[in-house]
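Analysis of the macromolecular model
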Amino acid sequence: MSRSTPGQQPVLVLGIETSCDETGIALYDSGRGLLAHALHSQVALHADYGGVVPELASRDHIRRVLPLTRQVLHQGGAALADLDAVAYTAGPGLAGALLVGAGVGTSLAHALGIPAIGVHHLEGHLLSPLLADPAPQFPFVALLVSGGHTQLMRVGGVGDYVLLGETLDDAAGEAFDKSAKLLGLGYPGGPAIAALAASGRAGRFPLPRPMLRSDNLDFSFSGLKTAVLTAVRDLPPEPQARADLAAELQAAIVDVLVGKAIAAIEQTGLTRLVVAGGVGANQQLRLQLTAAAQRCGCTVFYPPFEFCTDNGAMIAFAGALRLQQGDVLPPAAQGFSVRPRWDLASLRRA
Ligand code: KG4
Ligand code: ZN
């Protein structure tokens, strides 16, 4: 879908995402939309370890990033010389993994004499629902739910992000991942819990809904993991018990996310809610959130499924928006750095 305003020159941006365990590359044209994208997931590489091994992640990004870039340029029918900028994820994320995308992205941009744009990973997630049709209009409330973050933001426009609430400890995705480990399921835990929960019934092994009734928009999920640990210890041996516990865990996380998202809508008086990040792929969350939002006259927007989890398209897209705002440094002034820790609310409009 086109994101160029009338009279604005369309821009062609290559996006590179390497912040964690997915190498994502994409080519976005602000006039013609997303031209091509490719993803290599490292899930199989890390499966034996029950989580992402940073050093293995970095090495695999090195192997994948150039072949995937060639593939995406070919599929998008573009040459390097056609690019107006290269966007890469500059943080937050794993330092070594980020450095691969930053190194390749910056070198490519320098060689071509075009801007390199260091994109905030969460800004990429936050803006990814704008890749869908229909796209939400600003302002909106965003529920950002990934493996590392759980935040509610008020989004007034590109670069206008006000933090409304966030997790005080574990992220929602982390609660899925850690509980999945306790249940003997593989990584990533979210899809594994969701699959097991499909044949289970919530309510048999009650779990808490942490901070659901607190008078702020913050979250806390670490207690849930401890409650799962206790429940797993006392679990009857039959397979149905594991499915029922998975269903209860999913229901507990979804209840809290839905309750807080609706509270944020009521508090801000906005009528649009955007869900982004890997946990946004959860079908139960989508069902419950859409139903609750309808009841309070609010519309919910989701990114296309494939762009919920980490991907290059959201980075190319955020890079293109930044480029069109003139929010990039000239090539000569560009340093080369990554920010493994980076507060999204510290971003400013150009
Ligand atoms: O956004 P993302 O791909 O990476 C980060 O930036 O963290 O999110 C990954 C997280 C993981 O915790 C994974 O378990 C969770 O998203 N996830 C899900 C689902 N798909 C991925 N959680 C619940 N249900 C899903 N279907
Ligand atoms: Zn992510």
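Residues numbered from 1 in each chain as written. Chains lettered and ligands numbered in written order. Predicted model: local features only at pLDDT ≥ 70, side-chain atom pairs only at ≥ 80, totals over all residues. Heavy atoms only, no water.

1. What to know about the sheet that holds strand 4 (residues 85-91)
Pairing is mixed across the open sheet formed by 5 strands, whose spatial order is 3-2-1-4-5. Edge positions in the sheet fall to strand 3 (33-41) and strand 5 (116-120), since each has one partner strand and no second. Each strand axis lies, on average, 20° off the axis of its neighbour in the sheet, ignoring direction. Where strand 1 (residues 12-17) lies against strand 2 (residues 22-29), 6 bridges are found, and the strand directions are antiparallel. Across the sheet, I16 pairs through a bridge with I25, a residue of strand 2. Sitting on the sheet, helix 2 (residues 54-75) is in contact with strand 1, strand 2 and strand 3, with an inclination near 25° to strand 2. (Pairing = 2+ DSSP bridges. Helix = DSSP H or I, 4+ residues; strand = E, 2+ residues; numbered from the N terminus. Axes fitted to C-alpha atoms, helices over the stretch in contact; angles between N-to-C directions. Contact = heavy atoms within 4.5 Å.)

2. Quick look at the packing of helix 7 (residues 222-233) against helix 8 (residues 239-268)
Relative orientation of the contacting elements helix 7 and helix 8 amounts to 165°, with a least axis distance of 12 Å. Viewed along their axes, helix 7 and helix 8 adopt a mutual orientation that is roughly antiparallel. For the crossing formed where helix 7 meets helix 8, the hand is right-handed. Contact with helix 7, carried on its side by L224, V228, A231 and V232, involves L245, L249, A252 and I253 of helix 8 and no other residues of that element. (Parallel < 35°, antiparallel > 145°, perpendicular 65-115°, else oblique. Left-handed = near helix turned anticlockwise from the far one by under 90°.)

3. Side note on unusual backbone geometry
A cis geometry characterises the amide bond from D133 onward to P134, with omega recorded as 10°. For P134, the position within the fold is in the loop between helix 4 (121-127) and strand 6 (140-145). Cis geometry is found at the peptide bond from F138 to P139, where omega equals -5°. Following the sequence through the fold, P139 ends up in the loop between helix 4 and strand 6.

4. Regarding the site of ligand 1
Not every one of the 19 residues close to ligand 1 is listed here, only the nearest: G147, D177, G190, G278 and N282. Between ligand 1 and the protein, one listed contact pairs an oxygen atom with a backbone N or O atom of G147 at 2.7 Å. Contacts to ligand 1 include G278, whose backbone N or O atom sits 3.0 Å from an oxygen atom. Coverage of ligand 1 by the protein chains reaches 88% of its 560 Å² of free accessible surface. (Near = heavy atom within 4 Å. Polar contact = N/O pair within 3.5 Å; in protein donor to acceptor, adjacent residues only side chain to side chain. Areas by Shrake-Rupley, 256 points an atom, 1.4 Å probe, with all protein chains shown as cover.)

5. Focus on the coordination of the zinc ion (ligand 2)
Distances from the zinc ion (ligand 2) to its protein donors, namely H121 (NE2), H125 (NE2) and D310 (OD), fall within the range 2.0 to 2.1 Å. Between the 4 donor atoms coordinating the zinc ion (ligand 2), the angles at the centre fall across 95 to 143°, so the site counts as irregular. (Donors = N, O, S within 2.8 Å, 3.2 Å for Na, K, Ca; no water. Tetrahedral: all angles 85-135°; square planar, octahedral: opposite > 155°, others 65-115°.)

6. Some thoughts on the pairing of strand 6
In terms of burial, strand 6 is largely enclosed, as 6 of its 6 residues are buried. Residues of strand 6 alternate between two faces, with F140, A142 and L144 on one and V141, L143 and V145 on the opposite face, all of them buried. Bridge analysis of strand 6 against strand 7 (residues 150-157) gives 6 bridges, and the strand direction is antiparallel. Across the sheet, the residue bridging to A142 is M153, located in strand 7. Counted between consecutive antiparallel strands, the loop separating strand 6 from strand 7 contains 4 residues. (Buried < 20%, exposed > 50% of the residue type's maximum accessible area, 1.4 Å probe, protein only.)

7. Regarding the pattern of salt bridges
Going through the model one piece at a time under the given rule, you end up with 12 salt bridges. For E55, the salt bridge identified is with R59, shortest N-O distance 3.0 Å. Residue E55 and its partner R59 are located together in helix 2, separated by 4 residues, close to a single helical turn. We note a salt bridge from E123 to R322, for which the minimum N-O separation is 2.7 Å. Here E123, found in helix 4, pairs with R322, found in helix 10 (residues 313-324); they are 199 residues apart in sequence, far enough to count as distant. Residue E123 shares its accessibility class with R322, and that shared class is buried. Among the ionic contacts, a cluster of salt bridges with common partners joins D170, E174, K178 and K225. (Salt bridge = Lys/Arg side-chain N within 4 Å of Asp/Glu carboxyl O.)

8. Thoughts on the domain arrangement of the protein
How big an interface is tends to be stated in terms of the accessible area lost upon association of its parts. Here the protein is partitioned into domain 1 (12-127 + 308-346) and domain 2 (138-302). Counting from both sides, the interface comprises 19 residues of domain 1 and, opposite them, 22 residues of domain 2. Both faces combined, the contact of domain 1 with domain 2 buries some 1700 Å², and carbon together with sulfur accounts for 71% of it. Among the residues of domain 1 in contact with domain 2, L122, L126 and C308 are the three that bury the most area, contributing 35% of the side total. (Domains from an automatic or database assignment. Buried area = accessible area lost by both parts, 1.4 Å probe.)

9. Brief notes about the side chain of T69
Looking at the element boundaries, T69 is found in helix 2. With residues near it in sequence (within four places) discarded, T69 still touches L14 and I25.

10. Examining the sheet that holds strand 10 (residues 299-301)
Reading across from one edge, 8-7-6-9-10 is the order of the 5 strands in this open sheet, with mixed pairing throughout. This sheet does not close on itself; its edge strands, each paired only once, are strand 8 (160-166) and strand 10. Averaged over neighbouring strand pairs, the angle between their axes works out to 25° when direction is ignored.

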